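Tertiary structure, described
Read off the chains here:
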Amino acid sequence: MPAIEPGKIRNIAVVGHRGVGKSSLAEALLFQAGKTTRLGSVEQGTTASDWDEDEQRRQMSLSGSLLHLEWQGRKINVVDTPGDAGFQADTLAALRVVEGALVTVSGVMGVEVNTSRVWARADEYELSRVVFVNMLDRERADFFRVLEACRSQLSDRCVAIQLPIGAEHELRGVVDLLHMCAFMDPSGGREGGPQPIPDDVADLVQEYREKLLDAVVETDEELMGRYLEGEELDPAAVAAALKTAVTKDELYPVACGVATKNLGTTALLDLLVEGVPSPARKGTTIDFGDAKEAVFIFKTIADPFTGRISCFRVLAGPVHGDTTLVDPRTHAKERLGQVLLVQGKDTEPVDELCVGDLGAVAKLKDVLTGDVLVDHEVPVEPPHIDFPEPVMAFAVTPKAKGDEEKMASGLRRLSEEDPTLQLRRDPQTGEQLLSGLSQMQVEVAVDRLKGRFHVEVELHPPRVPYKETIRKEARARHRYKKQTGGRGQFGDCEILIEPLPAVDGGEMGYEFVDRIVGGVISHGFRPAVDKGVREAMEHGELAGAPVQGVRVSLVDGMEHSVDSSEMAFKIAGSMAFKEAYAKADPVLLEPIMQLEVTVPDEAVGAVNGDLNSRRGRLQGMEPAAGLTTIRAEVPMAEILTYSQALTSMTGGRGDYSMAFLRYEEVPTHVAQKIIEQTKKEREAAHA
């Protein structure tokens, strides 16, 4: 297949909330364009884009999938993206390599949380957008209600370019307002050619045709003049003006249909070709310096057989196989083997790909999602894909002893595929923590770890990293004396401990002050006292948590000319600290998180009530187009399982993000429970 020139390429990301039929729509586009011989189904696991076993079992997209088809002499690259908030890394990366977003919404549910979020990101990247109202054959589906929701919640520049004929179970077809023709319901077969518009919708069609023309001519002064003079406008001139308006983000056409029946796909394909700009027309905002060949890696697939497959967009080219490019991030040379076209799970080799095209290459060594590869060393700033931070973590342990290394290596491979998945070791609790954007995302990673890398692991809620500190000063003296045959051990020190305030509201530290006068303890032994104190602070006496925010002053002591040693002073320092600590009014501290929750307006009361029950403090609310963002400060211990609660309160339409804020004192009644629990665990461990 010869390389396609940039002017004949259309790059489209199919985006939207989960469950709105994005994969079914991508499948219908492939089928109508003759790329597949039958219309695949998500329920039966036969779509081209949801080819992964986990996707078929859960009947939802878990990662982005690259597809391509030809229509009207144009190549359309389609990236089918996940709609679940837990798998949005691929969606955000896909938006960096396309010129247009096909925003899919449900004819029943309308604009949902993730729709608004993806729309905002598309705004940020200045992408052209086409809206497709799907599932219009369902009960309670209403195109006109959803059209108004798009206008009020997304943009008032949304304009209908197609209308349904009939509604719900009596949906018979769609009308293309641009070309003034109808397409009737093919019931899962290939859509037939254009038909005359039925008489029973003629008045409605005329009304919305005028609304479309009004919107289009407003963006083109010459057309506006001809329109106001009553001149009949040439459909080609209207189409050209519409394309310019869509390219400049001045209009967002709203199409409609039923993906599972292949209804509305012909008009939609025409619209994508006529409305979405090509790479030649819109170009890229990604920096590649003066490179003659450059690619941007937007997705990594961790395949246990072929290794790493890197999907890319050509920034400068054409790009051929068997060439060597440089990664400015690592300064390493990377040899591109065979250049591939991707169709779901299948790949086919091609000789070259032109600027703007999407392809893939296998077995690059150190390349990560977000890297730009160029033909010579140039100072390139890779584009920042603003991936969200993980909001929930689980402690992860392998079921089989000795599988720790295999587990870590498999999870690292999976986090290359999904950068929002992170594996780290908690230095305080010593646990390996697997963090992600949702519980489902972490569970899917565990399933893939078993399926692809043959490692079985268990998930547990992570331990909250509590800390301890003191509220008043205290003094203690301890003498460590041990006499065994021969040389003994002797160390005697007196310390004063006092609270050390946090610097700029940040981390509370530790300070050791040497206030010995007259050399009662030799210089060589004083650091040993500090060392003993530090060791004692690793596990506080309340709940075994690290102690922070303490200044320790060494004020007095005594040594023995023969028996004193560093070891003796270390033990004396440790014991003196424990004695002083018990008298210094110790308290337990817990991490407080800054929480941001976005929910539909009707769920605000329930969510606020729930946050109050979790000891949360509300900081403010910000309503915007049917959704409200609630900001609150909540103890980490109370939101380890927040994801499930939010899903049930909002019917899966809520979303949240959180970040560590500071440590704060635990209320007495809560602290008591934690201390008792720790005591039981210690007793059980020693039993």
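Residues numbered from 1 in each chain as written. Predicted model: local features only at pLDDT ≥ 70, side-chain atom pairs only at ≥ 80, totals over all residues. Heavy atoms only, no water.

For the protein chain, the count of helices and strands is 17 helices and 33 strands. When the 687 residues of the protein chain are sorted by exposure, 57% land in the buried category. Long-range contacts, defined here as pairs at least 24 residues apart, represent 74% of the contacts in the protein chain between residues at least 6 apart. Looking at the protein chain, you have 77 positive and 109 negative side-chain charges, and the mean spots of the two groups are 7 Å apart. (Helix = DSSP H or I, 4+ residues; strand = E, 2+ residues; numbered from the N terminus. Buried < 20%, exposed > 50% of the residue type's maximum accessible area, 1.4 Å probe, protein only. Contact = heavy atoms within 4.5 Å. Lys, Arg positive; Asp, Glu negative; His and termini not counted. Charge placed at Lys NZ, Arg CZ, Asp CG, Glu CD.)

Turning our attention to the sheet that holds strand 22 (residues 422-425). If you trace the four strands from one edge of the open sheet to the other, you get 22-23-21-24, paired in antiparallel fashion. Where the open sheet ends on each side, the last strands, each with one partner, are strand 22 and strand 24 (457-460). The mean angle between the axes of side-by-side strands here comes to 35°, regardless of whether they run parallel or antiparallel. (Pairing = 2+ DSSP bridges. Axes fitted to C-alpha atoms, helices over the stretch in contact; angles between N-to-C directions.)

Moving on: the pattern of salt bridges. A pair can form between side chains of opposite charge whenever their charged atoms are brought close. If you walk through the whole model with that rule in mind, you get 43 salt bridges. Here Lys 399 ties to Glu 456 by a salt bridge, and the two come within 3.5 Å at their closest N and O atoms. In this pair, Lys 399 sits in the loop between strand 21 (392-398) and helix 11 (404-417) while Glu 456 sits in the loop between helix 12 (439-453) and strand 24, placing the two residues 57 residues apart along the sequence. Arg 631 is the salt-bridge partner of Glu 596, the closest N and O atoms lying 3.1 Å from each other. With Glu 596 in strand 30 (residues 586-600) and Arg 631 in strand 32 (residues 627-635), this residue pair connects regions lying 35 residues apart in the sequence. Residue classification places Glu 596 among the partly exposed positions, given a relative accessible area of 34%. On the basis of relative accessible area, Arg 631 is assigned to the partly exposed category, the value being 26%. (Salt bridge = Lys/Arg side-chain N within 4 Å of Asp/Glu carboxyl O.)

Time to look at helix 13 (residues 526-537). The terminal C-alpha atoms of helix 13 lie 17 Å apart, and with twelve residues this matches the ideal 16 Å at 1.5 Å per residue to within 8%. For helix 13, the set of buried residues is Arg 526, Ala 528, Val 529, Asp 530, Gly 532, Val 533, Ala 536 and Met 537. Residues of helix 13 that are buried make contact with strand 27 (489-499), strand 28 (510-514), strand 29 (550-558) and helix 14 (566-583). (Expected span 1.5 Å × (residues − 1).)

What follows deals with the sheet that holds strand 8 (residues 173-176). Spatially, the three strands line up as an open sheet ordered 7-8-9, and their pairing is antiparallel. Each edge of the open sheet is held by one strand with a lone partner, namely strand 7 (162-165) and strand 9 (181-184). On average, each strand axis in the sheet is tilted by 25° relative to the strand beside it, whichever way the strands run. Here strand 8 pairs with strand 9 via four bridges, running antiparallel. Bridge pairing in strand 9 places Asp 176 opposite Cys 181.

This paragraph deals with the nonpolar core. One finds Ile 76, Leu 102, Phe 143, Leu 268 and Leu 272 to be the most contacted residues of the largest nonpolar core, which totals 111 residues. With seven residues, helix 6 (residues 202-217) is the single largest residue contributor to this core. Those residues in contact with Leu 102 that lie beyond four places of it in its chain are Ile 12, Ala 13, Val 14, Val 15, Leu 25, Leu 29, Val 130, Phe 132, Leu 268 and Leu 272. Among the nonpolar cores identified, the runner-up in size contains 42 residues, and Met 407, Ala 545, Leu 588 and Leu 611 belong to it. (Core = buried A, V, L, I, M, F, W, Y, C linked by side-chain atoms within 4.5 Å.)

The next thing to look at is the packing of aromatic side chains. This model, assessed by the stated rule, comprises seven aromatic pairs. When the centroid spacing of 5.3 Å and the interplanar angle of 80° are considered together, the rings of Phe 143 and Phe 144 count as edge-to-face. Between the aromatic rings of Phe 577 and Tyr 581, the centroid separation amounts to 5.5 Å while the plane-to-plane angle is 20°, which identifies the pairing as stacked. Note that Phe 577 and Tyr 581 are positioned in helix 14 at a spacing of four residues, about one turn of the helix. There is no split in this pair, since Phe 577 and Tyr 581 are both buried. Aromatic ring contacts, followed pair by pair, group Phe 143, Phe 144 and Tyr 208 into a single cluster. Across from the ring centre of Trp 119, 4.7 Å away, lies the NZ or CZ of Arg 129, which sits over that ring. (Phe/Tyr/Trp six-rings, centres within 6.5 Å; stacked < 30°, edge-to-face > 60°. Lys NZ or Arg CZ within 6 Å of the ring centre and 35° of its normal.)

So, on to the side chain of Asn 134. For Asn 134, the position within the fold is in strand 5 (residues 128-134). When near neighbours in sequence (up to four residues on either side) are disregarded, Asn 134 contacts Val 20, Gly 21, Thr 104, Val 105, Ser 106, Gly 107, Gly 257, Val 258 and Ala 259.

Attention now moves to the packing of helix 13 against helix 14. Following both chains from N to C, one finds helix 13 and helix 14 inclined at 45°, their axes separated by 7 Å at the closest point. Our classification of the angle between helix 13 and helix 14 gives oblique. Helix-helix and strand crossings are classified by hand; for helix 13 and helix 14 the assignment is right-handed. Together, Ala 528, Val 529, Lys 531, Gly 532, Val 533, Glu 535, Ala 536 and Met 537 of helix 13 and Glu 566, Phe 569, Lys 570, Gly 573, Ser 574, Phe 577 and Lys 578 of helix 14 make up the contact between the two elements. (Parallel < 35°, antiparallel > 145°, perpendicular 65-115°, else oblique. Left-handed = near helix turned anticlockwise from the far one by under 90°.)

Take the packing of helix 6 against helix 7 (residues 221-228) next. At a closest axis distance of 8 Å, the pairing of helix 6 and helix 7 adopts a crossing angle of 135°. Considering their axes alone, helix 6 and helix 7 lie oblique with respect to each other. Where helix 6 abuts helix 7, its residues Glu 210, Leu 213, Asp 214 and Val 217 lie against Glu 221, Leu 223, Met 224 and Tyr 227. Counted by class, the contact of helix 6 with helix 7 contains five nonpolar, no polar and three charged residues. (Nonpolar A, V, L, I, M, F, W, Y, C, P; charged D, E, K, R; others polar.)

Locating Gly 173 in the fold gives a position in strand 8. Counting along the chain gives ten residues from Gly 173 to Leu 163, while the straight-line C-alpha distance between them is 8.7 Å. In this view, Gly 173 contacts Leu 163, Pro 164, Ile 165, Phe 183, Met 184, Asp 185 and Leu 263; residues no more than four positions away in its chain are not counted.

Looking now at the environment of Met 440. Within the secondary structure layout, Met 440 lies in helix 12. The class of Met 440 is partly exposed, set by a relative accessible area of 25%. Measuring from C-alpha to C-alpha, the distance between Met 440 and Asp 84 comes to 9.5 Å, with 356 residues separating the pair along the chain. In this structure, Met 440 is in contact with Arg 58, Met 60, Asp 84 and Phe 87, ignoring residues within four places of it in sequence.

Everything listed is a geometric property; what it means functionally is a separate question.
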